[in-house]
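Letter by letter, the chains look like this.
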Amino acid sequence: MSTNKVALVTGANKGIGLEIARRLGRLGFTVLIGARDEGRGRAAAEQLRAEGLDAIPVRLDVTDQATIDAAARRIEAEFGKLDVLVNNAAVFLDRAPPSQLDMATLRQTFDTNFFGVFAVTKALLPLLRKSGAGRVVNMSSGLASLAQNSDPNWGFAQFKVLAYNSSKTALNALTVQFAAELRDTPIKVNAADPGYTATDMNNHQGTRTVEQGATAAVRLATLPADGPTGGYFDENGPVPW
Ligand SMILES: NC(=O)c1ccc[n+]([C@@H]2O[C@H](COP(=O)([O-])OP(=O)(O)OC[C@H]3O[C@@H](n4cnc5c(N)ncnc54)[C@H](OP(=O)(O)O)[C@@H]3O)[C@@H](O)[C@H]2O)c1
């Protein structure tokens, strides 16, 4: 059994998730590369191992309870605890205005971005409780913010994509609720806004690098005991709800 701290990042085979895994690996974590596709997960873990990091692929489709349960059992058997969970996996499926959105896309988006996070968090909470200092980071977005969405002059005000935005707003609500329940434990639960980052999710139109996009999440994953819980942060500090 490894004596390292153990971190699981969902959707870690590419994009910001892969970079978060890399950064946690460099900090000495054993990083579990959550990936819905076994081959993509293995390739990403091999890439990090070639960089000298302790990276292990774990098959995990956040919409598939059987893979979540199997991952939890495996982490329990191999490590006996989990120190950090980064709920990073997400989809961005809608591009049209709310009136053009179809139900199937809305449901599919919530399946991954909200129900998936709930299912993974619930399954792994017993292992996070076994860590002396469990940290949960939910990858939110500036597009989750009702305050920012309500401001017509906000820089991203034209991104009124109901499925994605509301799934991330719901994720923020989940963050507040879990943090409140766990307030008297060492576990901290926070939401991270990476900023508009160049990845496959936006056909690399984002203006920030994955290195920049990973910063807020890595900070929240490694908060000290007196750090915040139940908050919503980008790399510069709190984001308005
Ligand atoms: N990029 C931005 O500008 C931006 C801005 C704000 C917030 N975010 C958030 O940052 C996080 C990372 O996004 P990204 O830009 O790095 O996106 P990305 O490059 O599209 O990566 C998304 C990751 O999620 C995985 N995934 C999707 N559905 C999954 C499922 N059901 N089970 C497991 N994994 C699944 C993908 O796996 P596959 O490779 O198998 O598809 C991929 O590894 C997301 O939560 C996103 O909402 C991104």
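In this convention, every chain numbers its residues from 1, walking through the sequence in written order. Under the rules for a predicted model, residues below a pLDDT of 70 receive no local features and side-chain atom pairs below 80 are neither given nor counted, while totals for whole chains, interfaces and linings still include all residues. In computing side-chain properties, one takes all heavy atoms of the structure into account and sets aside hydrogens as well as water.

## Observations regarding the sheet that holds strand β1 (residues 6-9)
Let me state the cut-off plainly: In this analysis, strands are considered paired if DSSP registers two or more bridges between them. Put simply, DSSP marks the helices as runs of H or I at least four residues long and the strands as runs of E at least two long, and each gets a number from the N terminus on. Any two residues having at least one pair of non-hydrogen atoms within 4.5 Å are treated as being in contact. Note on geometry: axes are C-alpha line fits, over the in-contact stretch for helices, and angles between N-to-C directions span 0 to 180 degrees.
Read from one edge of the open sheet, eight strands run β3-β2-β1-β4-β5-β6-β7-β8, paired in mixed fashion. Edge positions in the sheet fall to β3 (55-59) and β8 (237-238), since each has one partner strand and no second. Bridge count between β1 and strand β4 (residues 84-87): three bridges; the pairing is parallel. Bridge pairing in β4 links Ala-7 to Val-84. Strands in contact with helix α6 (residues 162-181) are β5 (135-139), β6 (188-192) and β7 (232-234); relative to β6, the strand with the most contacts, it is inclined by about 160 degrees. Along the sheet face, helix α7 (residues 210-221) touches β4, β5, β6 and β7 and points at about 160 degrees away from the line of β5.

## A closer look at the side chain of Asp-61
What counts, and what does not: Partly exposed residues are those whose accessible area sits between 20% and 50% of the maximum for their type, while under 20% is buried and over 50% is exposed, using a 1.4 Å probe and protein chains only. Positive charges come from Lys and Arg, negative ones from Asp and Glu, while His and the chain ends are left out of the count. Salt bridges, as used here, are contacts in which a Lys or Arg side-chain nitrogen is within 4 Å of a carboxyl oxygen on Asp or Glu. For the purposes of these results, a polar contact is taken to be a pair of N or O atoms within 3.5 Å, where, inside protein, one atom must be able to donate a hydrogen and its partner to accept one; residues adjacent in sequence count only when each atom of the pair is a side-chain atom.
Relative to the helices and strands, Asp-61 is located in the loop between β3 and α3 (65-79). One buried charge, Asp-61, has no salt-bridge partner; the nearest side chain with opposite charge is Arg-59, at 5.3 Å. Within polar-contact distance, the side chain of Asp-61 engages the side chain of Thr-63 at 2.7 Å. If we ignore the near neighbours within four places in the chain, the residues touching Asp-61 are Arg-36, Thr-67 and Ile-68.

## Considering unusual backbone geometry
Residue Asn-203 is not a glycine yet carries a positive backbone phi of 50 degrees. Mapped onto the fold, Asn-203 is located in the loop between β6 and α7. Its identity as a non-glycine residue notwithstanding, His-204 has a phi of 60 degrees, on the positive side. Mapped onto the elements, His-204 comes out in the loop between β6 and α7. Note on His-204: relative accessible area 48%, which makes it partly exposed.

## Considerations on the environment of Trp-154
Turning to its location among the elements, Trp-154 is positioned in the loop between α5 (146-149) and α6. A relative accessible area of 17% means that Trp-154 is categorised as buried. Residues Trp-154 and Arg-40, spaced 114 residues apart in sequence, show a C-alpha to C-alpha distance of 36 Å. Excluding residues within four positions of it along the chain, Trp-154 makes contact with Gly-142, Leu-143, Gln-148 and Asn-149.

## Brief notes about the site of the ligand
Threshold: Residues are labelled near a given molecule or strand when at least one of their non-hydrogen atoms is within 4 Å of it. Amino acids outside the nonpolar list (Ala, Val, Leu, Ile, Met, Phe, Trp, Tyr, Cys, Pro) and the charged list (Asp, Glu, Lys, Arg) are all regarded as polar, and Gly is one of them.
In the vicinity of the ligand lie 29 residues, with Arg-36, Asn-88, Tyr-164, Thr-197 and Thr-199 positioned nearest. The contact in question runs from an oxygen atom of the ligand to an N or O atom on the side chain of Tyr-164, over 2.6 Å. Thr-199 has a polar side-chain atom sitting 2.6 Å from an oxygen atom of the ligand. Listed by contribution, the elements that provide at least two residues to the shell around the ligand are α1 (15-26) and α6. Residue composition of the shell around the ligand, by class: 11 nonpolar, 12 polar and six charged.

## Re α3
The criterion, for reference: Multiply 1.5 Å by the residue count of a helix minus one, and that product is the helix's expected span. Note that the arc is computed from the directions linking the helix axis to the C-beta atoms.
The terminal C-alpha atoms of α3, which comprises 15 residues, lie 21 Å apart, in line with the 21 Å expected from a rise of 1.5 Å per residue. Of the residues making up α3, those classed as buried are Thr-67, Ile-68, Ala-71, Ala-72, Ile-75 and Phe-79. Down the axis of α3, the smallest arc covering the buried residues is 140 degrees, so these residues share one side. In this structure, α3 carries Ala-66, Arg-73 and Ala-77 as exposed residues pointing more than 90 degrees from its buried face. Close packing links the buried residues of α3 with β1, β2 (30-35), β3 and α4 (103-129). With a side-chain oxygen lying 3.0 Å from the backbone nitrogen of Ala-66, the N-terminal cap of α3 falls on Asp-64. Gly-80 sits one or two residues past α3 and shows a positive phi near 75 degrees.

## With respect to the side chain of Thr-10
By the element assignment, Thr-10 lies in the loop between β1 and α1. Thr-10 gets classed as buried once you look at its relative accessible area, which sits at 3%. Setting aside residues no more than four positions away along its own chain, Thr-10 makes contact with Gly-34, Leu-60, Val-62, Leu-85, Val-86, Asn-87, Asn-88, Ala-89 and Val-120.

Just geometry here; none of it tells us what the structure is for.
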